[in-house]
Amino acid sequence: MEKTKKIAVMSGKGGVGKTTVAVNLAVALAAEGYHVGLLDLDLHGPNVQRMLGVSLPPSESEKIVPAKYGDSLKVFSLAMILQEGAPVIWRGPLKHKAIEQLTRDVEWGDLDYLVCDLPPGTGDEALSTFQIIKPDAVIIVSTPQKVAGDDVRRAINFVKRLNGRVLGLVENMSYLICPSCGEKIYVFGKGETEKLSEEFRIPLIARIPMDPEVVSLSDEGKPAVVYKRGTTIEEEFKKIVEKVLSL
């Protein structure tokens, strides 16, 4: 993976839609013709498989052959090899070893980009990812709430402490479009992500609106960038893709 550009998608807080951003970013990059890998490193709550509706193909290879979404996206999530609903009860050293194995034992092939979906916070998985995978850049996902901003500040400082690069902030669930009048409703408030952007001099690269349909699409394994073409959601993901391609 020497020539592969590795992008980690982080959030300081859970429930901000980090996996939705990681999945749709990977799909959007693949749609541009790049060879992309999507590695689900949220070991305790792997959701990538459900959001793409994929499963591992039968294989006799000694390595794990990842699932495929379309022609250019390879996907691996721990959920693909665990019994449904089985908890992962691992301490830090086991997580570190698992991440080593997932980068070494999965048959990724030649990739242009590897998108890593990390769990919320700055725990073992995030630290091991920086030590083993060494991401070229990090995208941090937040919502407009101050409580999310507090945790994002910690995530930014974590990346800076490890000499990493924050490529940009993504504000998810930025606003809701009123179905009756078309006005923007700021359900979680507004302005917090802009403050973080100014404080750390990190670009705010996308504001993704809330859309109830995205929830049902994700549950059905249908990424928004494919099934919501021509919408603001697709436009905002294109901004993230443009930023990634600038690396």
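Residues numbered from 1 in each chain as written. Predicted model: local features only at pLDDT ≥ 70, side-chain atom pairs only at ≥ 80, totals over all residues. Heavy atoms only, no water.

The name an unreviewed UniProt entry assigns to the protein is Iron-sulfur cluster carrier protein, from the organism Thermotoga petrophila. Under Sequence similarities (unreviewed entry), UniProt gives the following word-for-word description of the protein: "Belongs to the Mrp/NBP35 ATP-binding proteins family." The record in UniProt for the protein states the following under Function (unreviewed entry): "Binds and transfers iron-sulfur (Fe-S) clusters to target apoproteins. Can hydrolyze ATP." (UniProt positions renumbered as here; feature names shortened; annotations may be inferred.)

We now examine the packing of helix α1 (residues 18-31) against helix α9 (residues 232-245). To characterise two packed helices, one gives the angle between the axes of the helices and the distance between these axes. The geometry of α1 relative to α9 is characterised by a closest axis approach of 10 Å and an angle of 70° between their N-to-C directions. Here α9 runs roughly perpendicular to α1, going by the angle between their axes. Note on packing geometry: the crossing formed by α1 with α9 is right-handed. Contacts between α1 and α9 involve T20, V21, N24, L25, A28 and L29 from the first element and F237, I240, V241, V244 and L245 from the second. (Axes fitted to C-alpha atoms, helices over the stretch in contact; angles between N-to-C directions. Helix = DSSP H or I, 4+ residues; strand = E, 2+ residues; numbered from the N terminus. Parallel < 35°, antiparallel > 145°, perpendicular 65-115°, else oblique. Left-handed = near helix turned anticlockwise from the far one by under 90°. Contact = heavy atoms within 4.5 Å.)

Attention now goes to the nonpolar core. M10, L38, L52, L73, I140, V170 and I240 are the most contacted members of the largest nonpolar core, which has 72 residues in total. Apart from residues lying up to four places away in sequence, L73 is in contact with A26, V27, A30, V36, G37, L38, L52, A67 and K68. (Core = buried A, V, L, I, M, F, W, Y, C linked by side-chain atoms within 4.5 Å. Buried < 20%, exposed > 50% of the residue type's maximum accessible area, 1.4 Å probe, protein only.)

The next subject is the packing of helix α5 (residues 146-161) against helix α6 (residues 192-200). At a closest axis distance of 10 Å, the pairing of α5 and α6 adopts a crossing angle of 25°. When the axes of α5 and α6 are compared, the pair comes out roughly parallel. For the element pair α5 and α6, the recorded crossing hand is right-handed. Residue-level inspection shows K146, G149, V152, R153, I156, N157 and K160 of α5 in contact with α6, the latter providing E192, L196, E199 and F200. Grouping the constituent residues of the contact of α5 with α6 by class yields four nonpolar, two polar and five charged. (Nonpolar A, V, L, I, M, F, W, Y, C, P; charged D, E, K, R; others polar.)

Okay, the UniProt feature "binding site: ATP" (unreviewed entry) in the protein next. Per the UniProt entry, the sites bearing "binding site: ATP" (unreviewed entry) are G12, K13, G14, G15, V16, G17, K18 and T19 in this numbering. Relative to the helices and strands, G14 is located in the loop between β1 (5-10) and α1. Along the polypeptide, T19 turns up in helix α1. Exposure remark for T19: the relative accessible area of 7% places this residue in the buried category. Each residue touching T19, except ones within four places of it in the same chain, is listed here: N47, V48, M51 and D117. In this structure the side chain of T19 is engaged in a polar contact, spanning 3.3 Å, whose partner is the side chain of K18. (Polar contact = N/O pair within 3.5 Å; in protein donor to acceptor, adjacent residues only side chain to side chain.)

On to the packing of aromatic side chains. In this structure the tally under the stated criterion is three aromatic pairs. Measuring from centroid to centroid gives 5.5 Å for F130 and F158, while their planes differ by 90°, and the two rings are edge-to-face. One end of the pair, F130, is in helix α4 (residues 124-132); the other, F158, is in helix α5, with 28 residues separating them in the sequence. Judged by relative accessible area, F130 falls into the buried class, the value being 11%. (Phe/Tyr/Trp six-rings, centres within 6.5 Å; stacked < 30°, edge-to-face > 60°.)

This brings us to the pattern of salt bridges. This structure, assessed with the given rule, holds 14 salt bridges. For E194, the salt bridge identified is with R207, shortest N-O distance 2.5 Å. Of this pair, E194 sits in helix α6 while R207 sits in strand β9 (residues 204-210); the two residues are 13 residues apart in sequence, bridging distant segments of the chain. Judged by its relative accessible area of 25%, E194 falls in the partly exposed class. Look at R207 and you get partly exposed, because its relative accessible area is 33%. The shortest N-O distance in the salt bridge between E236 and K239 comes to 2.9 Å. One end of the pair is E236 and the other is K239, both in helix α9 and three residues apart, which spans about a single turn. Judged by its relative accessible area of 8%, E236 is buried. (Salt bridge = Lys/Arg side-chain N within 4 Å of Asp/Glu carboxyl O.)

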